[in-house]
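Notes for the structure review
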Amino acid sequence: MYTQLRANLGLAAKTGDRGKRTPWRVSRNVVNLGLTSLFTDISAEMVNTILPLYLVFYLRTSLVQVGLVDGLYQGVTALVSLGAGTLADRRGRYKEVALAGYGISAVGKLGLLAVGAMFAPLAGVVVADRVGKGIRTAPRDTLISLSTPPERLGSAFGVHRALDTAGALLGPLVAFGLLRLLPGRFDAIFVVSFCFAAVGVAVLVLFVEGRRSEAAREGLQASWRQALALLRRPRLMVLVAGSAILALATISDAFIYLLLQRRTGFNPGFLPLLYVATATSYLVLAIPLGRLADRVGRGRIVVAGYLLLALAYVALLTSAGGAGLFVACLLVLGAYYAATDGVMAALTSAATPVENRTTGLALHGTAVGLAQLGGSVFFGLLWTVAGADFAITVFLALLLVGIAGLSAGLARTASR
Amino acid sequence: MSRRTAAFVAVCGGLGLLAAGYVGWSVVQVRTAAPPSFPAGNGAGLARVLGVPHLVFLQPSGADPSQSTVAVAPLDNLQDRQLTGLTCARAYFAAGHGVCLGRTIEGGGFTFDASLRRQREFDQVGLSTRARVSPDGHKAATTVFVTGHGYADLTFSTQTLITDLRTGAQVDLEKFSVTRDGTRIQRSDFNFWGITFASQENRFYATLATGGQTYLIAGDTASRSARTLRENVECPSLSPDGTRIVYKQLLTNTGGRRWRLHMLDLRTGADSALAETRSVDDQVEWLDGGHVLYGLNDEGPPATLDVNLWELAVDGSAAPARFLAHAASPAVVRPA
């Protein structure tokens, strides 16, 4: 506790330096990490967007195999992050570990160009890309937390997530723009995607300060035993378990969009616009909700976010099919992301001692990732066996249980 | 300018040059690429082929894998292929009417006439997969895969449209009422694909997937209704005499997705596996009353990205034989 306090105080003093602040009142380091994510996400979403087209048209694989690749994607991400997190804590080298993750994904874009038409190596490159994502997320969030005074964590993660989402919005636009200009030339998309990823890596290498925590500097290196001791931290465990239950109860966006389409019967050609609408709403709300979380309490905002998701489920169940409901559903979905994603990272950072922070964040990320995968399989199963309404009702019930559990747990483990 | 900023500007400049250079070079390549070799005196060549029993098919064009060229070849001399200026991802032709699905990589389609001239465009966003025209040339059916959004997703949804080729009016198969054993069923997870039209006006067969099961359905476009006939049948193709259906059956014990071609006799209900042991993911086309055609990826050796058409006797009297190389999406046309 003592080291954590000192570490945070030390950094707070540093970030108090006016010259280093940005218009959003977060440290320059956070903005630079956000820019790294922005460029990396442009690159990643360019490829994600066109990968099904590439597999089907160029490699002539069937769509079911595409689904298989996607499944590999998610499982791998969750597992590598724990190992990388512990490594980053042991050495106090957050920037280097994050760089390895960003670097693998960037090089992977050139790999796509090299493996060309073979399915197995292509799947390998796709998995490597996800491994990169698994490695970088927790050390990057640790750097954000170490560059920010504790009372501004919500704002800092809000700024980072807003920049990250901007990249995710731009990526598909760039990809489809290139596809229009150069029909069928996937190689050009891979090259441009690599260039964006490389710019992201350059920002990280040149402008991000790899803060070693005070703990690491004093040789108080994290041991495996300390990492295990994280499991005895009540507040962190509340966050991990609560988030896992809530992730299990989260219906994936793809299902929600599909449900909305079926309920309202709009032209399925507009489905990509739903993604744009949700992401825009997330982008716009991430910073204000992050700042609000710092003021009124992060737990409250996270709980409110999940209540919004519950509201969206109710809307899906009672859908009258109106356009208003439709737009509201997308705004609510974006607000839910803005209220939960970055704010949850802020809560988790604050609940983990500085010397094990990356491991704690990775533990949270892994639990959420695996639960999401399970939830999506479970929802698909319920939908096919018992119908959409039954599936939504079960998920709504689970979501409410999760919200009650998280909010009770957070209240009980509140530091003050 | 600090050294870091200078380094960043240099890196960005280099990467920008790389990206712009590669894109520019690709644009030049695409613009200067030779257009698909239009056969000399094509008007005469095309007219000659169109006057005799022939195959309308797609020839992969190479430069853009999502765009293949509509081609024709006489059935008695398949090597005499004539290319047209039409390109898309999936095509079919019957009774003087053609449909081309996948106008661009993002979807859409157009119809074409008996002299293979482009007619009306229509919108249908998604990955083009199946196209059919009714034997009377009155209706076209087109199926695309619709994804939730840009990502690769486990959740796929199909959209099948029936277009009235005389009026251009379109109806989505999801608007049809479906009955199973006499009871109406209605689920939000309905997916339809692979329509095959019967020779009787308005009658068709298709695939319906719901609750993790696929069904063969028999439908009527006039009453907008359909009923389920059998389970585990995908991409049916009705024989010219309307008595048999060749379809692909999912092999359940292989883990991955592999299909075997089967034939169902609609008079007796008898079902038999055909003599093709490779997995076929296609809606077959009947060459005549006893043979079907389908596309398979070129297995070489060495395997390439090309597609070839194969011919198979439905009575098991002969092993599958290569019918036509560098061809997909077949439609057999026998002018009256």
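Residues numbered from 1 in each chain as written. Chains lettered and ligands numbered in written order. Predicted model: local features only at pLDDT ≥ 70, side-chain atom pairs only at ≥ 80, totals over all residues. Heavy atoms only, no water.

**Some remarks on the overall build of chain A**
Within chain A, the regular secondary structure consists of 16 helices and 0 strands. Every one of the 416 residues in chain A was classed for burial, and the buried ones make up 60%. Considering only intrachain contacts with a sequence separation of at least 6, the fraction spanning at least 24 residues in chain A is 85%. Roughly 15600 Å² of accessible area belongs to chain A as shown, and the carbon and sulfur atoms make up 68% of that amount. (Helix = DSSP H or I, 4+ residues; strand = E, 2+ residues; numbered from the N terminus. Buried < 20%, exposed > 50% of the residue type's maximum accessible area, 1.4 Å probe, protein only. Contact = heavy atoms within 4.5 Å. Areas by Shrake-Rupley, 256 points an atom, 1.4 Å probe, with all protein chains shown as cover.)

**A few points about the overall build of chain B**
Within chain B one finds 2 helices and 26 strands. Along the first, second and third principal axes, the C-alpha atoms of chain B reach 85 × 50 × 45 Å. When each of the 336 residues of chain B is scored for burial, the buried share is 53%. Pairs at least 24 residues apart make up 41% of the contacts formed inside chain B by residues separated by at least 6 positions.

**As for the packing of helix α15 (residues 357–386) of chain A against helix α16 (residues 388–412) of chain A**
All names here are of chain A. Their axes nearest at 7 Å, the elements α15 and α16 cross at an angle of 140 degrees. One way to sum up the angle between α15 and α16 is to call them oblique. In this structure, α15 meets α16 at a crossing whose hand is right-handed. For the pair formed by α15 and α16, the contact residues are G375, F378, F379, L382, W383 and A386 on the first element and A388, F390, A391, I392, V394 and F395 on the second. Looking at the contact of α15 with α16, its residues break down into 11 nonpolar, 1 polar and no charged. (Axes fitted to C-alpha atoms, helices over the stretch in contact; angles between N-to-C directions. Parallel < 35°, antiparallel > 145°, perpendicular 65-115°, else oblique. Left-handed = near helix turned anticlockwise from the far one by under 90°. Nonpolar A, V, L, I, M, F, W, Y, C, P; charged D, E, K, R; others polar.)

**Some points on the packing of aromatic side chains**
Counting across every chain of the model gives 13 aromatic pairs over all chains. Taken together, a centroid distance of 5.8 Å and an interplanar angle of 80 degrees make the contact between F190 of chain B and F192 of chain B edge-to-face. Three or more aromatic residues joined by ring pairs make a cluster, and in this case those are F255, F378, F379 and F395 of chain A. Above the ring of F110 of chain B, the side-chain terminus of R118 of chain B is found at 4.1 Å from the ring centroid. The positively charged end of K248 of chain B is found above the aromatic ring belonging to W259 of chain B, 3.7 Å away from the centroid. (Phe/Tyr/Trp six-rings, centres within 6.5 Å; stacked < 30°, edge-to-face > 60°. Lys NZ or Arg CZ within 6 Å of the ring centre and 35° of its normal.)

**With respect to the state of the cysteines**
Residues and elements named next belong to chain B. Scanning the entire structure with this criterion turns up 1 disulfide over all chains. Paired by a disulfide, C88 and C100 hold their sulfur atoms 2.1 Å apart. Around the S-S axis, the bridge from C88 to C100 shows a dihedral of about -65 degrees and counts as left-handed. You can see C88 sitting in strand β3 (residues 82–88) and its partner C100 sitting in strand β5 (residues 97–104), a full 12 residues away along the chain. (Disulfide = S-S within 2.5 Å.)

**So, the pattern of salt bridges**
A side chain of one charge can pair with a side chain of the opposite charge when the charged atoms of the two come close. Inspection of the entire model under this criterion finds 24 salt bridges over all chains. Two residues, R161 of chain A and D141 of chain A, come together in a salt bridge whose shortest N-O distance is 3.1 Å. Here R161 of chain A is found in helix α6 (residues 153–181), whereas its partner D141 of chain A is found in helix α5 (residues 119–146), with 20 residues between them in sequence. Judged by relative accessible area, which is 7%, R161 of chain A ranks as buried. Overall, the relative accessible area of 5% leaves D141 of chain A in the buried class. The salt bridge involving D187 of chain A is made with R185 of chain A; its shortest N-O contact spans 2.9 Å. Take R185 of chain A: its relative accessible area is 12%, and that puts it in the buried class. Within the structure, one salt-bridge network assembled from shared partners comprises R90, R130, E234, K248, D281 and D282 of chain B. (Salt bridge = Lys/Arg side-chain N within 4 Å of Asp/Glu carboxyl O.)

**Focus on the nonpolar core**
Counting 153 residues, the largest nonpolar core has Y306, Y313, F379 and L399 of chain A as the members making the most contacts within it. Of all the elements, helix α7 (residues 186–207) of chain A adds the most residues to this core, at 16 residues. When neighbours within four sequence positions are excluded, L399 of chain A is seen to be in contact with L246, A249, Y306, L309, A310 and Y313 of chain A. I162, L173, F192 and A226 of chain B belong to the second largest nonpolar core, which has 17 residues in total. (Core = buried A, V, L, I, M, F, W, Y, C linked by side-chain atoms within 4.5 Å.)

**Considering the pairing of strand β20 (residues 259–265) of chain B**
Residue and element names in this part refer to chain B. Along β20, 6 of the 7 residues are buried, which leaves the element largely enclosed by surrounding structure. Here 7 bridges tie strand β19 (residues 244–250) to β20, and the two strands are oriented antiparallel to one another. Note that in β20 the partner of L250 across the bridge is W259. Examined bridge by bridge, β20 and strand β21 (residues 271–273) share 3 bridges and lie antiparallel to one another. Looking at the pairing, M263 lines up with S272 of β21. What sits between the antiparallel neighbours β20 and β21 is a turn of 5 residues, in which G269 has the positive phi angle 80 degrees. (Pairing = 2+ DSSP bridges.)

**Some details on the sheet that holds β5 of chain B**
All names here are of chain B. Spatial ordering of the open sheet is given by β4-β5-β6-β7, a layout of 4 strands whose pairing is antiparallel. Two strands lie at the open edges of the sheet, namely β4 (90–94) and β7 (118–125), each paired on one side alone. Direction aside, the axes of adjacent strands within the sheet are offset by 20 degrees on average. One ladder, built from 5 bridges, connects β4 with β5; its direction is antiparallel. Residue pairing for β5: A94 is matched across the bridge by H97.

**Considering the packing of α5 of chain A against α6 of chain A**
Residue and element names in this part refer to chain A. Contact geometry of α5 with α6 gives a least axis separation of 9 Å together with a crossing angle of 135 degrees. In terms of axis orientation, α5 runs oblique to α6. Once α5 is placed against α6, the crossing between them reads as right-handed. The segment α5 lies against α6, with R140, D141, I144 and S145 engaging L153, A156, F157, H160, R161 and D164. For the contact of α5 with α6, the class distribution of residues is 4 nonpolar, 2 polar and 4 charged.

**Describing the confidence of the model for chain B**
Residues and elements named next belong to chain B. Predicted confidence across chain B gives a mean pLDDT of 88, with 90% of residues reaching 70 or more. Ranking the elements of chain B by mean pLDDT puts helix α2 (residues 42–50) last with 82 and strand β22 (residues 285–288) first with 97. In the predicted structure, residues 148–154 sits below a pLDDT of 50 and forms 26 contacts with residues beyond four places in sequence or in another chain. The ipTM, which scores confidence in the relative placement of chains, is 0.83 for this predicted complex, and the corresponding pTM is 0.81. (pLDDT = per-residue confidence, 0-100.)

**Considering the pairing of strand β6 (residues 107–112) of chain B**
Residues and elements named next belong to chain B. Counted residue by residue, β6 has 6 buried out of 6 residues, so it is predominantly covered. Burial along β6 is two-sided: the residues G107, G109 and T111 and G108, F110 and F112 are all buried. In the sheet, β6 pairs with β7 via 4 bridges, with the strands oriented antiparallel. Pairing of F112 across the sheet is with R118, part of β7. Counting the residues in the hairpin turn of β6 and β7 gives 5 residues, including L116, whose phi is positive at 60 degrees.

**Some thoughts on the sheet that holds β20 of chain B**
Through backbone hydrogen bonds, the strands of a sheet pair up, either in parallel or in antiparallel fashion. All names here are of chain B. Overall, antiparallel pairing links the 4 strands, which are arranged β18-β19-β20-β21 in an open sheet. Bordering the open sheet on either side are β18 (234–238) and β21, each of which pairs with just one other strand. On average, each strand axis in the sheet is inclined to that of its neighbour by 25 degrees, with strand direction left out of account.

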